[in-house]
Amino acid sequence: MGIGELDREAHVAEATSAGAAPRTLAEALRARGDEGLAALLRARPDLLSPVPNDLTQLATRAGTRGSVVRALERLDRFALQTAEALAVAPDPAPYPVLLALLTGDEGDPEIEAALPGAVALLREQALLWGEDDRLRLVRTARELLSPSPQHPSPTGLGPTVAEATAGMSPGRVQEIIARAGLAPTHDPVSAVSALTELFTDRARMGALLDEASPEALSVLDRLVWGPPYGEVTPNPAPPVQWLRDRGLLLPVSARTMVLPREVALHLRGGRAHRTPEPVAPVVGAARDYRPQVVDSAAAGQAYAALATVEELLKSWDQGGPQVLRAGGMSVRDLKRTAAALDVTEQLAAFWLELCFGAGLLASDGEADERYAPTPAYDDWLDLPAAERWALLVAPWLVATRTAGLVGGADAKGRTLAALGPDLDRAPAPEVRHRVLELLATLPPGAAADPETLFARMRWERPLRGAAQAAPPRAPQTVSDDSTDPAPDASLDLRSRLARWTLAEAELLGLTGRGALAGPARALLNLPLAEAAAPADHGGRVELSVAAGRAATLLAPLLPEAVDHVLLQADLTAVAPGPLRRPLADALAVLADVESKGGATVYRFTPGSVRRALDSGRSASDLHDFLTAHSRTPVPQPLAYLIDDVARKHGHLRIGAASAYVRCDDDTVLGEILADRRSAALGLRRLAPTVLAAQTDPASLLDGLRAMGYAPAAESAEGDVLVTRADAYRTPARTAPVPVPDGPPAPDTTLLGAAVKAIRAGDRAATAVRKEPTAPATTGGLPRTSAAETLATVQAAALTGSAVWIGYVNAEGAASQRVIAPVRVEGGFVTGYDHTADEVRTYPLHRITGVAELADDQV
């Protein structure tokens, strides 16, 4: 047989057996085509870590608890409701039975139309297998979704009659069927079957309930939709006793009763769920705007975001707050940052995390560790505004760090600090993408109704939605006539992430007035001119390329930078728009920002002028600067202010002794010593022009400036020290790496290789051999002598046939393979390995044994 003939024969055998009903999940997977296996691995990438050896191992891994839980968490609400209905249906369940559990007696066209898709989805993800006449839920999924006292079913159903009567005495069972009007039986099994048949017969069950009193029916009504358990007193009321006697309530313990599943389904009209949701909620529009209005509003928010980031990091140019021992910022420092930015603490935490995620902010790593801007911040400042915006929003879109958690508590009750550990939440990137994509389904300019958007998010991931966040309800008191309302469900992480995403997208300018802006559509690789369906994550272009496109769209919308200001006589300057970078940096040193907005107002003060002089500028430099960049003449009060501060600046000199003050004018030093405010500085005269201090130079500078003087610091050589705003930076730091939510989605190349390897391994594992089963002592591997092994592989090489071998590699790992020997020489056999799908060479001494394949396999 040729090298490729075994593959063709295996596919023929597979196609022949495809018509038979599968008996196991592995057989169901074996009947799939390559595209079906690839779809399973794409939907559940955890099954690829590592690549399974064969389909049996793939099926086993697909049934493990961790993998099934992860798969269930990614189902939409209707697919999950379908799985929950199968968990309370007989195993296996025909398709009509499943349909009846979801539609009830009255039927529902929407459910009938949506159910085939839900079944196909469950089958594709290997949570369900079998033909439509024998649908089987994977055992682990059935255990997770089936009702139990410890884990009530989301359907609200309880155990079946057979399960509830499992520990009941035969005599008590006979009493129940007698009271229910059934003939006595000879054994408990037939008695339970008779009671089950009664409860599932609509006509007979209706006649039985017609005999119940209104009070008894009221008790059933409180239990019918769950929880099905209720507490009773030692001497129950007559209505409850009537229900107990006829098996409509069955005992779980001395004081707890349960409503059997068959009774509940009859009372529900056959429905497993109170409200099936076969169709996803539609995201509604709260208000419509012109797309140009949305883009303009978003551009304004984007510019404000850039200004906020610059203001924050500029205030930390000389080093920010200290890093806590456990990591992050203290609450006090967060409050100071919020006050400086004039925002709430929660918003301050968002801006801090945004800078941290973009790599613009980090800790310096020193012994006295502090936060400070990184060198990347300086490069970021030199870029055009639109590109700076793109470098903020692209990391935000994929970041797992979640600023909204700041101020909350971790699992141990410790407060979560801004920039600290434990802020990563793996679902965050997926939620951000999904929220923006749902906004994109609306027409351009339409702002989404938040509640409908959140309802859609909950429908798409119900196990992570608010409906699953409610604590389990305690058993009801069945003798009480009042109803027991369900407790309010608190918002879970996914719902909070969606709410935070809407707010943060507005702050960043991805949305304007609640509607998705054009640059955001480009960032998501969505069409710009019309509403689009959600983008395919697998086909999304590289994020950096998409961010570049978004920046190109945003650039024309941002206000154009100006190169001038308007000086006024009240010592203020008005910037009629965003200032160009050199002008903005210089003016930020020379003046203080008094108000922000479309036109920024700067105020000149003695302190701000002194700050400019400290940076190395002279009075003439400042006059020339203002004259060059002002559209109005320099007011006389401003010119006088600059000259007056410059006249005093540097008159006093401070250096390190511990610290000293020197001045050519000894009368000035005398004034300082005579001033009571200088007592805290510990000054004493060493010489007519020199004072010594008991405090450090920095404190001495601050103290004398508070007294109204304008001292200048000097170096050990006596030169004036120039202070620059960008003097302190951390070492080069990389931005934090997002924490993935499980294994990454495999690409097409990996999927193809994995499917090929699994198919090859499965052919080797399922090939029919002429030999009987291998001895158990060899671990299922064939066992032959060295002479028999050599003779068999030589014969196979001559005839071109394939053989089955057992092989132990150098690490001692045993495996079985199907090979087609080509050459046998020098103690090695070279052949085409169908398991690995390549030509390989094996040492003969590592082959445990060899067996010929059956005639129908070659």
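Residues numbered from 1 in each chain as written. Predicted model: local features only at pLDDT ≥ 70, side-chain atom pairs only at ≥ 80, totals over all residues. Heavy atoms only, no water.

Caption draft 1: Broad picture of the environment of Pro236. Of note, Pro236 is situated in the loop between β3 (229-231) and α15 (238-245). For Pro236, a relative accessible area of 18% gives the class buried. In sequence terms Pro236 and Arg255 are 19 residues apart; their C-alpha atoms lie 9.8 Å from each other. (Helix = DSSP H or I, 4+ residues; strand = E, 2+ residues; numbered from the N terminus. Buried < 20%, exposed > 50% of the residue type's maximum accessible area, 1.4 Å probe, protein only.)

Caption draft 2: Region of interest: the packing of helix α21 (residues 385-398) against helix α26 (residues 543-554). Two elements in contact, α21 and α26, have axes whose closest approach is 9 Å; the angle formed by their N-to-C orientations is 140 degrees. Taken as axis vectors, α21 and α26 run oblique relative to one another. Taken as a pair, α21 and α26 cross one another with a handedness that is right-handed. Residues Ala386, Glu387, Trp389, Ala390, Ala394, Leu397 and Val398 of α21 form the contact with α26, whose participating residues are Leu543, Ala547, Ala550, Ala551 and Leu554. Partitioned by chemical class, the residues of the contact of α21 with α26 number 11 nonpolar, no polar and one charged. (Axes fitted to C-alpha atoms, helices over the stretch in contact; angles between N-to-C directions. Parallel < 35°, antiparallel > 145°, perpendicular 65-115°, else oblique. Left-handed = near helix turned anticlockwise from the far one by under 90°. Contact = heavy atoms within 4.5 Å. Nonpolar A, V, L, I, M, F, W, Y, C, P; charged D, E, K, R; others polar.)

Caption draft 3: Quick look at the sheet that holds strand β22 (residues 803-808). Pairing is antiparallel in the open sheet, where five strands are placed in the order β25-β24-β23-β22-β26. The open sheet is flanked by β25 (838-843) and β26 (847-852), the only strands paired with a single partner. Sheet twist, expressed as the mean angle between neighbouring strand axes with direction ignored, is 45 degrees. Across six bridges, strand β23 (residues 814-825) lies against strand β24 (residues 828-833) in antiparallel orientation. Looking at β24, one finds that Ala820 is bridged to Tyr832. Contacts from helix α33 (residues 748-766) reach β22 and β23, with the element oriented near 90 degrees to β23. Its contacts with the sheet place helix α34 (residues 786-799) against β22, β23, β24 and β26, and it is angled at close to 65 degrees to β23. (Pairing = 2+ DSSP bridges.)

Caption draft 4: Quick look at helix α18 (residues 331-341). All buried positions along α18 are accounted for by Asp333, Leu334, Thr337, Ala338 and Leu341. The buried residues of α18 all sit within an arc of 140 degrees when viewed along its axis, so they share a single face. The exposed residues of α18 that point more than 90 degrees off its buried face are Arg332, Arg336 and Ala339. Backbone geometry just downstream of α18 places Asp342 in the positive-phi region, at approximately 60 degrees. (Arc of directions from axis to C-beta.)

Caption draft 5: Region of interest: the packing of aromatic side chains. Summed over the entire model, instances satisfying the criterion amount to three aromatic pairs. Ring centres 4.8 Å apart and planes at 70 degrees place the aromatic pair Tyr807 and Tyr842 in the edge-to-face group. Of this pair, Tyr807 sits in strand β22 while Tyr842 is found in strand β25, placing the two residues 35 residues apart along the sequence. Under the relative-accessibility criterion, Tyr842 is labelled buried at 4%. Above the ring of Trp380, the side-chain terminus of Arg388 is found at 5.4 Å from the ring centroid. (Phe/Tyr/Trp six-rings, centres within 6.5 Å; stacked < 30°, edge-to-face > 60°. Lys NZ or Arg CZ within 6 Å of the ring centre and 35° of its normal.)

Caption draft 6: The pairing of strand β19 (residues 684-687), seen in detail. Note: β19 against strand β20 (residues 690-693), three bridges, orientation antiparallel. Bridge pairing links Arg685 to Leu691 in β20. With antiparallel pairing between neighbouring strands as the criterion, β19 and β20 make up a hairpin whose turn holds two residues.

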